[in-house]
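Each chain, letter by letter, is given below.
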Amino acid sequence: MTRPTAPVPGPGILDIAPYVGGESKVAGVERPIRLASNESALGPSPKAVAAYRALADDMHRYPDGSAAELREALGRYHGLDPERIVCGSGSDELIGMLLRAYAREGDEVLYSRHGFLMYPIGAKSVGATPVAVPERELTADVDGFLARVTERTRIVFVANPNNPTGTYLSADEMARLHAGLPKHVVLAIDAAYAEFVNRNDYEPGIGLVNRAENVVMLRTFSKVYALAGLRLGWAYCPPAIADVLNRIRGPFNVTAPALAAGVAAVEDVGALARARAHNDHWLPWLSERLAALRLELTPSVGNFVLPRFPDEPRRNADAAFDFLQSRGIITRKMGGYGLPQHLRITIGTGEEMEIVAAALAEFMAGA
Ligand SMILES: Cc1ncc(COP(=O)(O)O)c(C=O)c1O
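All of these numbers come straight from a predicted model, not from anything done at the bench.

Reading guide: rules and limits
Residues numbered from 1 in each chain as written. Predicted model: local features only at pLDDT ≥ 70, side-chain atom pairs only at ≥ 80, totals over all residues. Heavy atoms only, no water. Helix = DSSP H or I, 4+ residues; strand = E, 2+ residues; numbered from the N terminus. Rg over C-alpha atoms; globule rule 2.2 N^0.38 Å. Buried < 20%, exposed > 50% of the residue type's maximum accessible area, 1.4 Å probe, protein only. Contact = heavy atoms within 4.5 Å. Areas by Shrake-Rupley, 256 points an atom, 1.4 Å probe, with all protein chains shown as cover. Salt bridge = Lys/Arg side-chain N within 4 Å of Asp/Glu carboxyl O. Near = heavy atom within 4 Å. Polar contact = N/O pair within 3.5 Å; in protein donor to acceptor, adjacent residues only side chain to side chain. Nonpolar A, V, L, I, M, F, W, Y, C, P; charged D, E, K, R; others polar. Pairing = 2+ DSSP bridges. Axes fitted to C-alpha atoms, helices over the stretch in contact; angles between N-to-C directions. Patch = residues over 30% accessible without salt bridge, like charges linked within 9 Å, V, L, I, M, F, W, Y side chains within 5 Å. Lys, Arg positive; Asp, Glu negative; His and termini not counted. Charge placed at Lys NZ, Arg CZ, Asp CG, Glu CD.

(A) Molecular detail of the overall build of the chain. Helices and strands together make up the secondary structure of the chain, namely 12 helices and 12 strands. Rg of the C-alpha trace for the chain: 21 Å, near the compact-globule value of 21 Å for 367 residues, within the 12% margin. Counting only C-alpha atoms and orienting by the principal axes, one finds that the chain spans roughly 60 × 55 × 50 Å. Split into buried and exposed, the 367 residues of the chain put 52% on the buried side. The long-range fraction of contacts in the chain, counting pairs at least 24 apart against all pairs at least 6 apart in sequence, stands at 74%. About 17,000 Å² of surface is accessible on the chain, with carbon and sulfur atoms providing 52% of the total.

Below, the structure is given as structure tokens:
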């Protein structure tokens, strides 16, 4: 056998196209309008900022590796058993941990065709095969998922609501998906945008986790709680899965300032209500403005919209992106998600929404 002449990474790793985050800078613009990463419009709770600052002098101390206070705060707020909560450095880390624990080379990981990109990236990182399930009208398709389950399926990831499409599955549809899965397949419901959803038939996944051994709900502090820079997420799990994740996670995977800010954020229900109310106003406002410009929109229940631009070269998504960028407005191109005719635009402040709507009106008028 010939020996490799250089270190060789594990199977699948060189197939990964690295995740490209939203841009944050525009040349020559000091304070661009940043609508590319679904960060919260209003910024973090002042109480979370104060808790973060209060830890500055204790940076030489390790954090509480069990994240007990945060798990208890989450347990109180959501009515959950803290023992079944596992915290992570963003929900990205928890996605990676689930994959490391339950999938390996030869296994299949299902995700929705226009689902969050970290599912296929994470699957490849453990040598597993990501399987993209076609959608219906940019919405996860339960029957499509069930039709693609094989002997090799280990995890099914569903972002609910999904980024970047903004669409969601009802609690009944999610229950139907779960009912059709074999018991050894993990159903990971990624409810990163749950707090923004205003639909009677929606449920973030707690009910299913409570009654099944193979369902995990993922949540994040990066969106409605506006702590994306701190990296904080959590998983609500059946006891056996929590036990597995606790075995493989880094002993201090969440930083002390993130834990402190997270507790303060959970307890600041007023800030949460303000962030929700803001989205409740500006999401329909922006959606209506874009629809009036005859941009096609799938109804979004998150804190972002996904307009589809015309196919004409001067009005397409790339031209719109460049036009907005020239006005200091950063949106997100969607080619990486297989949606090259769309742009994703995050709900920002009211002033930012007025500016982006006016700029798009000008763009569509051909100014
Ligand atoms: C559906 C979904 N899941 C997870 C994440 C990652 O969140 P975090 O910042 O907690 O890693 C995002 C971020 O955009 C997301 O859209």
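(B) The pattern of salt bridges, seen in detail. On inspection of all chains with the given rule, the structure shows 11 salt bridges. In this structure, Arg247 engages Asp243 in a salt bridge whose closest nitrogen and oxygen atoms are separated by 3.0 Å. Highlighted residues: Arg247 and Asp243, both in helix H8 (residues 239–248), separated by 4 residues, approximately one helical turn. Overall, the relative accessible area of 64% leaves Arg247 in the exposed class. What makes Asp243 partly exposed here is its relative accessible area of 35%.

(C) Region of the structure containing the site of the ligand. Among the 13 residues in the neighbourhood of the ligand, the closest are listed as Ser91, Asp190, Thr220, Ser222 and Arg231. Contact distances for the ligand include 2.6 Å between an oxygen atom and a backbone N or O atom of Ser91. Between an oxygen atom of the ligand and a side-chain N or O atom of Arg231, the distance comes to 2.7 Å. For the shell around the ligand, the leading source of residues is helix H3 (residues 90–102), giving 3 residues. Across the shell around the ligand, the residue classes tally to 4 nonpolar, 5 polar and 4 charged.

(D) Here's a closer look at the sheet that holds strand E12 (residues 343–346). With respect to topology, 3 strands assemble into an open sheet ordered E9-E12-E11, the strand pairing being antiparallel. Edge positions in the sheet fall to strand E9 (304–305) and strand E11 (332–333), since each of these pairs with one other strand and no more. When E9 meets E12, the two strands line up antiparallel, connected through 2 bridges. Bridging from a neighbouring strand, Phe304 pairs with Thr346 of E12. Together, E11 and E12 form the strand contacts of helix H11 (residues 317–326), whose direction differs from that of E12 by roughly 35°.

(E) Representation of a negative patch on the surface. Judged by side-chain charge, Asp64, Glu69, Glu72, Asp81 and Glu83 come together as a negatively charged surface patch. In this fold, Glu72 is placed in helix H2 (residues 68–78). Among the residues examined, Glu72 registers a relative accessible area of 42% and is labelled partly exposed.

(F) Structural view of the sheet that holds strand E2 (residues 85–88). One open sheet holds the 7 strands; their spatial order is E2-E8-E7-E6-E5-E3-E4, and the pairing between them is mixed. In the strand order of this sheet, the two ends are held by E2 and strand E4 (129–133), each with one partner. In this sheet, neighbouring strand axes are inclined to one another by 20° on average, regardless of whether the strands run parallel or antiparallel. Pairing of E2 with strand E8 (residues 233–236) involves 4 bridges; the strand directions are antiparallel. Following the sheet pairing, Ile85 is matched in E8 by Tyr236. Together, E2, strand E3 (108–112), strand E5 (153–159), strand E6 (186–190), strand E7 (215–220) and E8 form the strand contacts of H3, whose direction differs from that of E5 by roughly 165°.

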